[in-house]
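As a plain string of letters, each chain reads:
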Amino acid sequence: MTTLAPRTLTRFLIEEQRRHENATGNFTALVNDVRLACKRIATLIGKGALSGAYGDAGVVNVQREVQKKLDVLTNDIFLRTNEWGGQLAGMVSEEMEKPYSIPAEFPTGKYLLLFDPLDGSSNVDVNVAVGSIFSVLRCPDGVTDPSEEHFLQPGTEQVCAGYAIYGPSTMLVLSTGRGVHGFTLDREIGEFMLTHPDLRIPETTSEFAINASNSRYWESPITRYVRECQEGASGPRGRDFNMRWVAAVVAEAHRILMRGGVYMYPRDRRDLTKPGRLRLLYEANPLGFLIEQAGGRASTGREPVLTVKPESLHQRIGFIFGARAEVERIERYHRECNDFEFKAPLFGTRSVLRSPA
């Protein structure tokens, strides 16, 4: 009896490449470079405090957030690992204000890479899972030195999206538009092995994730949804829900891909000039692509997130994703909020829906 050889990520990519008659191998090479960057980051994270890379870097990034030393180091790993191969025309990073141009000594290619090199970096000091998120777009024809406008493509235009999660094990989860597949890093041989083929999000769930400390700022549709979940089996949902919050969106997405749920970081009333917290191009779009490919739904609460036309590199957006039926329920509550006003304390008593006067 013949035993099939384990499928490495490289083999998986080559098999996908063979499905396309005119494939050149450039895309396969690009994803392999991203894979290498994630392996290098996994090694760095795995050293913990022994790496000497913990703590603040003493500078503020374009997001007006204090950078951690690991933010700087992981950003540099992504740049150095992906700039030389000849597959990319440019890159965009959460940690950099402007697009990164490929150095003149290296050839350029037809793809654009967008990434968050270390999502949830504040979790590193307490040894909680963090990750890297990436998105691949095609560079417009004839463009060799892309500017900001060339990166402003809706999520539907992504060629590939994925993330690495650095936890008890390191996994790379990606989609090239044909489902979602998870690969676990075998540290003994240094290869990502296919361990979770064709991931699908369960249709029903009893878990939701939201930062409850922001509850006083939530819009009424979110308040209504959370309230109904909290009311449990005796409430309108007829079953008990558990609440989760990791403070790293990549960890939240991974849990939902593995066992289901719904995640909410919605637009709120804290600062009406900001439409949300998470970044569209290198957080919401790649994760939304994965969620949709796995049978879930990704939304702003009002529209599919993948159809949003970006306006700037670091644009923020409200982001809700997970089990399709749950996200569609939240979208329905947003539509209904024009007809009903939600009136109740945020915690403690039952909700009351009141028709407008």
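Everything below is about the structure shown above.
Conventions and cut-offs
- Residues numbered from 1 in each chain as written.
- Predicted model: local features only at pLDDT ≥ 70, side-chain atom pairs only at ≥ 80, totals over all residues.
- Heavy atoms only, no water.
- Helix = DSSP H or I, 4+ residues; strand = E, 2+ residues; numbered from the N terminus.
- Rg over C-alpha atoms; globule rule 2.2 N^0.38 Å.
- Buried < 20%, exposed > 50% of the residue type's maximum accessible area, 1.4 Å probe, protein only.
- Contact = heavy atoms within 4.5 Å.
- Pairing = 2+ DSSP bridges.
- Axes fitted to C-alpha atoms, helices over the stretch in contact; angles between N-to-C directions.
- Phe/Tyr/Trp six-rings, centres within 6.5 Å; stacked < 30°, edge-to-face > 60°.
- Lys NZ or Arg CZ within 6 Å of the ring centre and 35° of its normal.
- Core = buried A, V, L, I, M, F, W, Y, C linked by side-chain atoms within 4.5 Å.
- Lys, Arg positive; Asp, Glu negative; His and termini not counted.
- Salt bridge = Lys/Arg side-chain N within 4 Å of Asp/Glu carboxyl O.

Student: Help me understand the overall build of the chain in this model?
Tutor: Within the chain one finds eight helices and 19 strands. Scaling as 2.2 N^0.38, a compact globule of 357 residues should have a C-alpha radius of gyration of about 21 Å, and the chain matches this with 21 Å. The dimensions of the chain, computed from C-alpha atoms along their principal axes, are 65 × 55 × 45 Å. Looking at the 357 residues of the chain, the share that counts as buried comes to 55%. For the chain, contacts bridging at least 24 residues in sequence account for 64% of all contacts bridging at least 6.

Student: Explain the sheet that holds strand β12 (residues 242–244) here, please?
Tutor: The pairing of strands in a sheet comes from backbone hydrogen bonds and takes either a parallel or an antiparallel form. Taken in spatial order, the five strands line up as β12-β11-β13-β17-β15 in an open sheet, and their pairing is mixed. Edge positions in the sheet fall to β12 and β15 (297–299), since each of these pairs with one other strand and no more. Going from strand to strand, the sheet's axes swing by 15° on average, the running direction of each strand aside. As paired elements, strand β11 (residues 207–209) and β12 share three bridges and run parallel to each other. Residue Glu207 lies in a different strand from β12, and its bridge partner there is Asn242. Contacts from helix α5 (residues 220–230) reach β11, β13 (262–265) and β17 (319–322), with the element oriented near 140° to β13. Strand contacts of helix α8 (residues 324–336): β13, β15 and β17, with the helix running at about 30° to β15, the strand carrying the most contacts.

Student: Which parts of the structure should I look at to understand the packing of aromatic side chains?
Tutor: Two measures describe an aromatic ring pair: the distance that separates the ring centres and the angle between the ring planes. Here the structure, examined in full by the defined rule, presents eight aromatic pairs. With 4.8 Å between their ring centres and 45° between their planes, Phe319 and Phe321 make a pair best called tilted. One aromatic cluster is present, built from ring pairs that chain together Trp245, Tyr263, Tyr265, Phe319 and Phe321. One cation-aromatic arrangement involves Arg224 over Tyr333; the distance from NZ or CZ to the ring centre is 3.8 Å.

Student: Where do I start with the nonpolar core in this structure?
Tutor: Note that soluble globular proteins tend to have their nonpolar side chains buried in a common cluster. Counting residues in each nonpolar core, the largest one holds 40 residues, and the members touching the most others are Leu113 and Tyr166. Broken down by element, the residue count for this core peaks at ten residues, all from helix α2 (residues 26–46). If sequence neighbours within four positions are ignored, Leu113 has contacts with Val34, Phe78, Asn82, Leu88, Gly90, Met91, Val92, Phe134, Ser135, Val136 and Phe151. In this structure, Tyr163, Ile256, Leu290 and Ala298 belong to the second largest nonpolar core, which totals 33 residues.

Student: When you look at the side chain of Arg35 in this model, what are you seeing that I'm missing?
Tutor: Structurally, Arg35 can be placed in helix α2. No salt bridge is formed by the buried Arg35. Its closest oppositely charged neighbour is Glu191, at 4.3 Å. Once residues lying within four places of it in the same chain are set aside, the contact partners of Arg35 are Leu9, Thr10, Leu172, Glu191 and Phe192.

Student: Explain the pairing of strand β8 (residues 170–175) to me, please; I cannot follow it from the model alone.
Tutor: Note on strand geometry: in a regular strand, side chains alternate between the two faces of the sheet. A large share of β8 lies buried, amounting to six of its six residues. Looking at chain direction, strand β7 (residues 160–166) and β8 are connected through six bridges and run antiparallel. Counterpart to Ala164 in the pairing with β8 is Leu172. Hairpin connection, β7 to β8: the antiparallel pair is bridged by three residues. Judged from the four bridges that link them, β8 and strand β9 (residues 181–186) form a sheet pairing that is antiparallel.

Student: Sorry if this is basic, but what is going on with the sheet that holds strand β4 (residues 100–101) here?
Tutor: Strand order in the open sheet made by the eight strands is β4-β3-β5-β6-β7-β8-β9-β10, with mixed pairing throughout. Every interior strand has two partners, whereas the edge strands, β4 and β10 (191–196), have only one. Relative to strand β5 (residues 111–119), strand β3 (residues 88–93) runs parallel, the two being bridged by five bridges. Residue Val92 lies in a different strand from β5, and its bridge partner there is Leu114. Packed on one face of the sheet, helix α7 (residues 280–293) meets β3, β5, β6 (130–138), β7 and β8 and runs near 85° to β6.

Student: What is the right way to look at the pattern of salt bridges in this model?
Tutor: Close approach of charged atoms allows side chains of opposite charge to pair. As enumerated under the stated definition, the model contains 24 salt bridges in all. Here Arg178 ties to Glu16 by a salt bridge, and the two come within 3.1 Å at their closest N and O atoms. On the criterion of sequence distance, the pair formed by Arg178 in the loop between β8 and β9 and Glu16 in helix α1 (residues 9–17) is long-range, its members being 162 residues apart. Among the residues examined, Glu16 registers a relative accessible area of 11% and is labelled buried. Two residues, Arg80 and Asp76, come together in a salt bridge whose shortest N-O distance is 2.5 Å. With a gap of four residues between them, Arg80 and Asp76 both fall in helix α3 (residues 69–82), about one helical turn apart. Given a relative accessible area of 36%, Asp76 falls into the partly exposed group.

Student: Is there a simple way to think about the environment of Gly52 in this case?
Tutor: Along the chain, Gly52 falls in the loop between α2 and β1 (56–60). The class of Gly52 is exposed, set by a relative accessible area of 55%. Linking Gly52 and Leu70, residues 18 residues apart in sequence, is a C-alpha distance of 9.7 Å.

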